Amino acid sequence: MMRKRLVILGATGSIGASTLRVVAAHPERFEVVGLAAGRDVAGLQRLAAQFHVKHLALAEPNDAGIPFGEAALCALASLDEADLVVMAIAGMAGYAPTLAAIDSGKDVALATKEVLVMAGTEVMRRRLSRGVRLLPLDSEHSALFQCLQSTASVPACVRTGDEAKADERLAEVILTASGGPFFKCSEIDWKRITVAEALNHPRWDMGPKVTIDSATMMNKGLEMIEALHLFALDPAQLRVWVHPQSIVHSFVHFKDGALLAQLAQPDMALPIQYALTWPDRALHAPVPAMTLAQMQNLEFAEPDLHRFPCLKLVFEALPMGAWTHPILTLANEVAVKAFLAGRISADRIAAVIEEGLTRAETNFDAIVRYAEEAVTRFERAAVVSS
Ligand code: MG
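Fair warning: this is a prediction, and the values are worked out from it, not measured in the lab.

**Here we look at the overall build of the protein**
Thought 1: Helix and strand content of the protein: 14 helices and 10 strands.
Thought 2: Expected size for 386 residues packed as a compact globule is a radius of gyration near 21 Å; at 21 Å, the protein falls within 12% of this value.
Thought 3: Overall size of the protein, expressed as C-alpha extent along the three principal axes, is 65 × 55 × 40 Å.
Thought 4: Across the 386 residues of the protein, 54% fall into the buried class.
Thought 5: The contacts in the protein between residues at least 6 apart in sequence include a share of 66% that link residues at least 24 apart.
Thought 6: Of the roughly 16700 Å² of accessible surface on the protein, 53% is carried by carbon and sulfur atoms.
Thought 7: Charged side chains in the protein number 36 positive and 44 negative. The centres of these two groups are separated by 1 Å.

**Remarks on the pairing of strand β7 (residues 170–177)**
Thought 1: With 7 of 8 residues buried, β7 lies mostly within the body of the structure.
Thought 2: Across 5 bridges, β7 lies against strand β9 (residues 248–254) in antiparallel orientation. Residue Leu170 lies in a different strand from β9, and its bridge partner there is Phe254.
Thought 3: The sheet contact formed by β7 and strand β8 (residues 238–242) spans 5 bridges and is parallel. Pairing of Thr176 across the sheet is with Trp241, part of β8.

**Some words on the coordination of the magnesium ion**
Thought 1: Around the magnesium ion, the protein contributes the donor atoms Asp138 (OD), Glu140 (OE) and Glu223 (OE), which lie 2.2 to 2.6 Å from the metal centre.
Thought 2: We note that the donor set of the magnesium ion lies within a single chain, spaced as D-x1-E-x82-E. Here the residue Asp138 occupies a position in the loop between β6 (134–136) and α6 (139–148), and Glu223 occupies one in helix α9 (residues 218–230), the gap between them amounting to 85 residues.
Thought 3: Overall, the relative accessible area of 10% leaves Asp138 in the buried class.
Thought 4: The exposure class assigned to Glu223 is buried, which follows from its relative accessible area of 1%.

**Some thoughts on the sheet that holds β9**
Thought 1: Read from one edge to the other, the open sheet built from 4 strands follows the order β8-β7-β9-β10, with strand pairing classed as mixed. Two strands lie at the open edges of the sheet, namely β8 and β10 (259–263), each paired on one side alone. Sheet twist, expressed as the average angle between the axes of neighbouring strands with direction ignored, equals 20 degrees.

**Focus on unusual backbone geometry**
Thought 1: Following Trp278, the chain continues to Pro279 via a peptide bond in cis, the omega torsion being 5 degrees.
Thought 2: For His52, which is not a glycine, the phi torsion comes out positive at approximately 55 degrees.
Thought 3: With respect to the element layout, His52 can be found in the loop between α2 (41–51) and β3 (55–58).
Thought 4: The residue Met217 is not glycine, and still its phi comes out positive at about 70 degrees.
Thought 5: With respect to the secondary-structure elements, Met217 resides in the loop between α8 (208–216) and α9.

**A short note on the packing of aromatic side chains**
Thought 1: Under the definition given, this model contains 8 aromatic pairs.
Thought 2: What links up through ring pairs into an aromatic cluster is the set Phe182, Phe183, Trp190 and Phe308.
Thought 3: Seen from the ring of Phe378, Arg377 lies directly overhead, with NZ or CZ sitting 5.9 Å from the centre.

**Things to note about the sheet that holds strand β2 (residues 30–37)**
Thought 1: Across the sheet, 6 strands lie side by side as β3-β2-β1-β4-β5-β6; this open sheet has parallel pairing. Every other strand in the sheet has two partners, leaving β3 and β6 as the edge strands with one partner each. Across the sheet, the mean angle from the axis of one strand to that of its neighbour is 20 degrees, orientation sign disregarded.
Thought 2: Pairing geometry for strand β4 (residues 84–87) and strand β5 (residues 107–110), over 4 bridges, is parallel. Within β5, the residue paired with Val86 across the bridge is Ala109.

**As for the packing of helix α13 (residues 347–359) against helix α14 (residues 364–385)**
To describe two helices that pack against each other, one gives the angle between their axes and the distance between the axes.
Thought 1: α14 packs onto α13 with a crossing angle of 135 degrees between their chain directions and a minimal axis gap of 9 Å. If you check the angle between α13 and α14, you find them oblique. Relative to α14, the crossing made by α13 is right-handed. On α14, the residues touching Arg348, Ala351, Val352, Glu355 and Arg359 of α13 are Tyr370, Ala371, Glu373, Ala374, Val375, Arg377, Phe378 and Ala381.

**Section: the nonpolar core**
Thought 1: Grouped together as the largest cluster of nonpolar side chains are 124 residues, with contacts concentrated most on Leu9, Leu35, Leu134, Phe231, Leu328 and Ile353.
Thought 2: The contact partners of Phe231, leaving out residues within four places of it in the chain, are Pro136, His141, Leu144, Phe145, Leu148, Pro155, Ala156 and Cys157.

Conventions adopted
Residues numbered from 1 in each chain as written. Predicted model: local features only at pLDDT ≥ 70, side-chain atom pairs only at ≥ 80, totals over all residues. Heavy atoms only, no water. Helix = DSSP H or I, 4+ residues; strand = E, 2+ residues; numbered from the N terminus. Rg over C-alpha atoms; globule rule 2.2 N^0.38 Å. Buried < 20%, exposed > 50% of the residue type's maximum accessible area, 1.4 Å probe, protein only. Contact = heavy atoms within 4.5 Å. Areas by Shrake-Rupley, 256 points an atom, 1.4 Å probe, with all protein chains shown as cover. Lys, Arg positive; Asp, Glu negative; His and termini not counted. Charge placed at Lys NZ, Arg CZ, Asp CG, Glu CD. Pairing = 2+ DSSP bridges. Donors = N, O, S within 2.8 Å, 3.2 Å for Na, K, Ca; no water. Axes fitted to C-alpha atoms, helices over the stretch in contact; angles between N-to-C directions. Phe/Tyr/Trp six-rings, centres within 6.5 Å; stacked < 30°, edge-to-face > 60°. Lys NZ or Arg CZ within 6 Å of the ring centre and 35° of its normal. Parallel < 35°, antiparallel > 145°, perpendicular 65-115°, else oblique. Left-handed = near helix turned anticlockwise from the far one by under 90°. Core = buried A, V, L, I, M, F, W, Y, C linked by side-chain atoms within 4.5 Å.

Structure (structure tokens):
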């Protein structure tokens, strides 16, 4: 078998580490030809030596002579000898390199939510016109991707022409959510929740921004937008079920009544491996097998949207159109940053997003500016009342 040649952007982060675990487990299948990171020079050089990688790039300037900046990341993403680009740069910094990879005809395994949340329509249009496949890395989207293929149909994100459409048979998709640290509390007083409480996630170990998003369930809202684009769904087809064990990674409900689920260990190496080996499925993985004990007492519940106002806003906004997507994500990003910095209380995160939606602004910079104004206003109001 020819080895698949990978470029990994975001190599020193947690997705990068899981990707390299998969590569190390399948040396006969994969070869890493390019690695990029943000600013961790030593970490990048260590990985380059370990995996014998010649082509490197960093987001930030450095003393090591490694090409840096957006142009360097885009050049790496469109490297001639690459077959597949793993995109795991956090945030909108992943946007230009993703487009560069697509425009140069590379398939992309995409972990960076923001790329689809902010610009999904454009990314999917370019993907189709270049005949490039976009493979989901997120555990929920990988689960949907795997379930959708069960009907001998082709999910939208890898469709290149007139192949059978999965969506005709599809009733709805159900994204599972851990529910975060507060789901089981009888009452959630967002006004009094501390940063430390919100950062204490029961299941996944992630960065602070994603962990707060998980506590407010906004993370699931952003994943809903991702799913809309990846699988060409209608907002009315999106559901969320809380599932604290994180064993069922999502469900697809078909029109004939069949409810298909994908179950696996809560370990990112599995969805990553599936994206890298697709359309094949590997014979082993660097993750322990599921046990019968893990299958006991799996719980599912519909989230009470009144307790999770951020998620409620997403359900209300999506039917209004794609213009709401950048507001949901940017206003949330500004508000979460302000909460982490101790400037506003957690209940204001939803308030900042809600205000953003009423302005119906489409310019990214203006959305951020309005959100920052709202934060400042809430911060002053808190000082006055205390
Ligand atoms: Mg996820």
